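Here's the letter readout for the chains.
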Amino acid sequence: MSIETNEVRKIAQLARLELTDDEVTSLSADMSNILAYIAQLNELDTTGVPPLEHAAEAGETMRDDTPRPSLERERGLSVAPKVENGCFAVPKIIE
Amino acid sequence: MEYNVVIGLEVHCQLSTRTKIFCGCSPVFGAEPNRQTCPICLGHPGVLPVLNRAVVHAGIMAGLATHCEIRSPNVFSRKHYFYPDLPKGYQISQYDKPICEHGHLEILVDGETKRIGLTRIHMEEDAGKNMHEGLDGVSHVDLNRAGVPLLEAVSEPDLRSPEEAVAYLKKMRNIVIYLGICDGNMERGNLRCDANISLRPKGQKEFGTKVEMKNMNSFRFLRQALEYEIKRQTQVLNEGGTIVQETRLWDAKRGVTESMRGKEMAHDYRYLPEPDLAPVMISDDWIEQVKKELPELPDDKRNRFESEYGLSLYDADVLTSTRELADYYEQTVKAFDKAPKTTCNWVMGELMGRLNEDGTSIDACPMSPAQLAGLVAAIEDGTISGKIAKTVFAKLFGTDQTAMQVIEAEGLVQESDPTAIDAMITPVLDANTDKVAAYLGGKDKLFGFFVGQVMKASKGQANPQLVNERLKALLASRG
């Protein structure tokens, strides 16, 4: 199993990561190695074993529909690089 | 070339819970920007979402109401994409193990019921809201809506026309409103709809390439957008072109759909099971309990209206098209306890007409069911004629009087005294001796003329049945 450089670039783009050509080359090798390592699991016969979605047991771990106070707006906005009119201000999305 | 239209709808319903899906913030619409946010719905690192039981409860209700199988355990997944209204960089949704699957609902189009398959209903969180208008170089992000619970219902590609699509959306909206789990306010985006539409040559089995359409926030826009898209795709195919699989936005102002190409990434969401939420167990007890809580649903109510009140399928369907209208009708019938058909005619005719004219909805109707019932009673017992009743209705609407008070105050009581009726007929016959002779000579059609003249003379207040009877007698006596 190997990950070609064009796949690395595609994954990087989906994750919004900017990579240099050198990084792409080295990641391609790293990721191929990781996949090869994980692929050892395929040696096991898992016929009839349902996929495990979660390490925890399925359960009724839910909360009641009871409101709790929200965060003070100023605190929520305090971590934003730019704030306008009580909103997070971001580079214009649509031309 | 003739084409068949294939449509599937995705309907998003914001749930009327008291808190968001994964945190205790209020999901209620209309607050100042970002006042209803916390580290969980703001997507801060290290926080843990905890599922709101009421959301699962609503999911079970919606599933049972649409004949779905309820899946337990069902699983939340992360759907990855980047957009400023999605602070975590992924939306917590459900992917291959949604809470509800394999359901259906029925729609009524052109007097025929048709079953539309529901592929699935799943739970997910809403995204925040981006604002661009009037801003230069920036967009504003309000995350009050982030984390508002949604149910997304996905239909099978079973819809074959814009009419069917609209009927389906109406039925879906009606069901969630009956269930009390969603307000169904489309203007506010409380209920939203995307459509997948493709064309295929008549006789062909395989579906054509589909286009996804967004931004149709009313029944009218859904119809217009689908009609536009059918025309557009027909033209492309007829000119030998191919349909591009893409997302298109409905532009209501210009009445066209526009490609969003370049404005969104390819659909590669890299779903993975949400590690922060355990698979959701739903016990049989819980499902049984919800079954008991289910209110009477639109189809059941419609069938009951048909059998209990002797209404036509069409009338029963219109009256049950909203819970409020159905309740209004039933209260009116019960207040008088007779004449469900007459009541139906008045609710669907005069009352709905007036409300439409005023731009009011039935829940804000100024005429109470008791007032309308009084009017229907007066018609039924012969106090007034159906024609006079329209006058009474107009005078009664918007007042707090009873129908009888208006009838008496206006002197509109129907004249049912044979002597008084004779006194109206005689002058009419005297003034038209030529026509009387013609009538007696065999021109039966003239009878209608005499009735009209007498009714006119009585200002519409003569009992029409009695006028017929007395006219026949008095005409015969001149033979």
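Being a predicted model, the structure only gives us computed values, none of them experimental.

### Focus: the overall build of chain B
Next up, step 1: Broken down by element type, chain B carries 15 helices and 14 strands.
Next up, step 2: For 479 residues, the compact-globule estimate of 2.2 N^0.38 gives 23 Å, and chain B exceeds it by more than 25% at 30 Å.
Next up, step 3: Counting every position in chain B, which comprises 479 residues, the buried fraction comes to 50%.
Next up, step 4: Long-range contacts, defined as pairs at least 24 residues apart, comprise 69% of the intrachain contacts of chain B with a sequence gap of at least 6.
Next up, step 5: Summed over its atoms, the accessible surface of chain B is roughly 22,100 Å², and 49% of this surface lies on carbon and sulfur atoms.
Next up, step 6: A distance of 3 Å separates the average location of the 56 positive side-chain charges in chain B from that of its 67 negative side-chain charges.

### Notes on the sheet that holds strand β1 (residues 83–84) of chain A
Next up, step 1: Pairing within the open sheet is antiparallel, and its four strands lie in the order β1(A)-β2(A)-β8(B)-β7(B). Since the sheet does not close on itself, it has two edges, and those belong to β1 of chain A together with β7 (129–131) of chain B, each with one partner.
Next up, step 2: Summarising the sheet, β1(A) and strand β2 (residues 87–91) of chain A pair through two bridges and their orientation is antiparallel. Looking across to β2(A), one finds that A:Val83 is bridged to A:Phe88.

### Observations concerning the nonpolar core
Residues and elements named next belong to chain B.
Next up, step 1: Ranked by internal contacts, the top residues of the largest apolar core, which has 70 residues, are Leu 9, Val 56, Ile 60, Tyr 168, Ile 181 and Leu 222.
Next up, step 2: Element by element, the count of residues in this core is highest for helix α2 (residues 162–179), at nine residues.
Next up, step 3: Once residues lying within four places of it in the same chain are set aside, the contact partners of Leu 222 are Leu 9, Ala 165, Val 166, Leu 169, Cys 193, Ala 195 and Met 216.
Next up, step 4: Counting 34 residues, the second largest nonpolar core, distinct from the first, contains Tyr 178, Val 347, Cys 365 and Ile 384.

### Some details on the interface of chain B and chain A
Next up, step 1: Of the residues lining the interface, 56 residues belong to chain B; the matching set on chain A comes to 40 residues.
Next up, step 2: In total, chain B and chain A occlude about 4,100 Å² of area from one another, counting both sides; carbon and sulfur atoms represent 56% of this.
Next up, step 3: Linking chain B with chain A are three salt bridges, by the criterion used here.
Next up, step 4: A salt bridge links A:Asp64 to B:Arg53, with the nearest nitrogen and oxygen atoms 2.4 Å apart.
Next up, step 5: Where chain B packs against chain A, one counts 23 residue pairs in polar contact (both at pLDDT 80 or more).
Next up, step 6: With five residues, the top contributor of residues to the side of chain B that touches chain A is strand β8 (residues 138–142) of chain B.
Next up, step 7: Tallied by class, the residues present in the side of chain B that touches chain A amount to 31 nonpolar, 14 polar and eleven charged.
Next up, step 8: By the bridge criterion, four bridges tie β2(A) to β8(B) in an arrangement that is antiparallel.

### Details of a nonpolar patch on the surface
Next up, step 1: There is a patch of nonpolar side chains on the surface, built from A:Ile34, A:Tyr37, A:Ile38, A:Leu41 and A:Leu44 and spanning about 570 Å² of accessible area.
Next up, step 2: Of note, A:Leu44 is situated in the loop between α2 (21–39) and α3 (73–77).

### Remarks on the packing of aromatic side chains
Residue and element names in this part refer to chain B.
Next up, step 1: What the rule picks out here adds up to twelve aromatic pairs over all chains.
Next up, step 2: Here the aromatic rings of Tyr 95 and Tyr 271 are separated by 3.9 Å at their centres, their planes lie at 10°, and the arrangement is stacked. You can see Tyr 95 sitting in the loop between β4 (90–94) and β5 (100–109) and its partner Tyr 271 sitting in the loop between β13 (256–259) and β14 (272–273), a full 176 residues away along the chain.
Next up, step 3: According to the relative accessible area criterion, Tyr 95 is partly exposed, its value standing at 40%.
Next up, step 4: Given the relative accessible area of 28%, Tyr 271 is considered partly exposed.
Next up, step 5: Measuring from centroid to centroid gives 5.4 Å for Phe 449 and Phe 450, while their planes differ by 65°, and the two rings are edge-to-face.
Next up, step 6: For Phe 449, a relative accessible area of 27% gives the class partly exposed.
Next up, step 7: Judged by relative accessible area, Phe 450 falls into the buried class, the value being 0%.
Next up, step 8: Aromatic rings pair up to connect Tyr 81, Tyr 95, Tyr 269 and Tyr 271 into one cluster.
Next up, step 9: The positively charged end of Lys 88 is found above the aromatic ring belonging to Tyr 90, 5.4 Å away from the centroid.
Next up, step 10: The residue whose ring lies beneath Lys 170 is Phe 219, and the NZ or CZ to ring-centre distance is 5.3 Å.

### Brief notes about the pairing of strand β10 (residues 191–201) of chain B
Residue and element names in this part refer to chain B.
Next up, step 1: For β10, the tally of buried residues reaches nine of eleven residues, placing the bulk of the element in the interior.
Next up, step 2: As paired strands, strand β1 (residues 3–14) and β10 are joined by eleven bridges and run antiparallel to one another. Note on β10: the bridge partner recorded for Tyr 3 is Pro 201.
Next up, step 3: Pairing analysis gives three bridges linking β10 to strand β11 (residues 211–214), with the strands arranged antiparallel. The residue of β11 that forms the bridge with Ala 195 is Met 213.

### Here's the deal with the pattern of salt bridges
Residue and element names in this part refer to chain B.
Next up, step 1: Enumeration according to the criterion identifies 37 salt bridges over all chains in this entry.
Next up, step 2: Among the ionic pairs, Glu 288 bridges to Lys 291, the shortest N-O distance being 3.3 Å. A residue pair is termed a helical-turn pair when its members lie 3 or 4 positions apart in one helix, as Glu 288 and Lys 291 do in helix α4 (residues 284–293) at three residues.
Next up, step 3: Assessed through its relative accessible area of 44%, Lys 291 is described here as partly exposed.
Next up, step 4: Between Arg 302 and Asp 299 there is a salt bridge, and its shortest N-O distance comes to 3.9 Å. Remark: Asp 299 and Arg 302 occur in helix α5 (residues 298–309); sequence separation between them is three residues, near one turn of the helix.
Next up, step 5: Shared partners join several salt bridges into a network, and the residues in it are Glu 296, Lys 301, Arg 304, Glu 308, Glu 330 and Lys 334.

### Some remarks on the sheet that holds β14(B)
Residues and elements named next belong to chain B.
Next up, step 1: The three strands are arranged β4-β3-β14 in an open sheet whose pairing can be described as antiparallel. Every interior strand has two partners, whereas the edge strands, β4 and β14, have only one.
Next up, step 2: Two elements, strand β3 (residues 76–80) and β4, share five bridges in a ladder whose sense is antiparallel. If you follow Phe 76 over to β4, its bridge partner there is Gln 94.

Rules used throughout
Residues numbered from 1 in each chain as written. Chains lettered and ligands numbered in written order. Predicted model: local features only at pLDDT ≥ 70, side-chain atom pairs only at ≥ 80, totals over all residues. Heavy atoms only, no water. Helix = DSSP H or I, 4+ residues; strand = E, 2+ residues; numbered from the N terminus. Rg over C-alpha atoms; globule rule 2.2 N^0.38 Å. Buried < 20%, exposed > 50% of the residue type's maximum accessible area, 1.4 Å probe, protein only. Contact = heavy atoms within 4.5 Å. Areas by Shrake-Rupley, 256 points an atom, 1.4 Å probe, with all protein chains shown as cover. Lys, Arg positive; Asp, Glu negative; His and termini not counted. Charge placed at Lys NZ, Arg CZ, Asp CG, Glu CD. Pairing = 2+ DSSP bridges. Core = buried A, V, L, I, M, F, W, Y, C linked by side-chain atoms within 4.5 Å. Buried area = accessible area lost by both parts, 1.4 Å probe. Salt bridge = Lys/Arg side-chain N within 4 Å of Asp/Glu carboxyl O. Polar contact = N/O pair within 3.5 Å; in protein donor to acceptor, adjacent residues only side chain to side chain. Nonpolar A, V, L, I, M, F, W, Y, C, P; charged D, E, K, R; others polar. Patch = residues over 30% accessible without salt bridge, like charges linked within 9 Å, V, L, I, M, F, W, Y side chains within 5 Å. Phe/Tyr/Trp six-rings, centres within 6.5 Å; stacked < 30°, edge-to-face > 60°. Lys NZ or Arg CZ within 6 Å of the ring centre and 35° of its normal.

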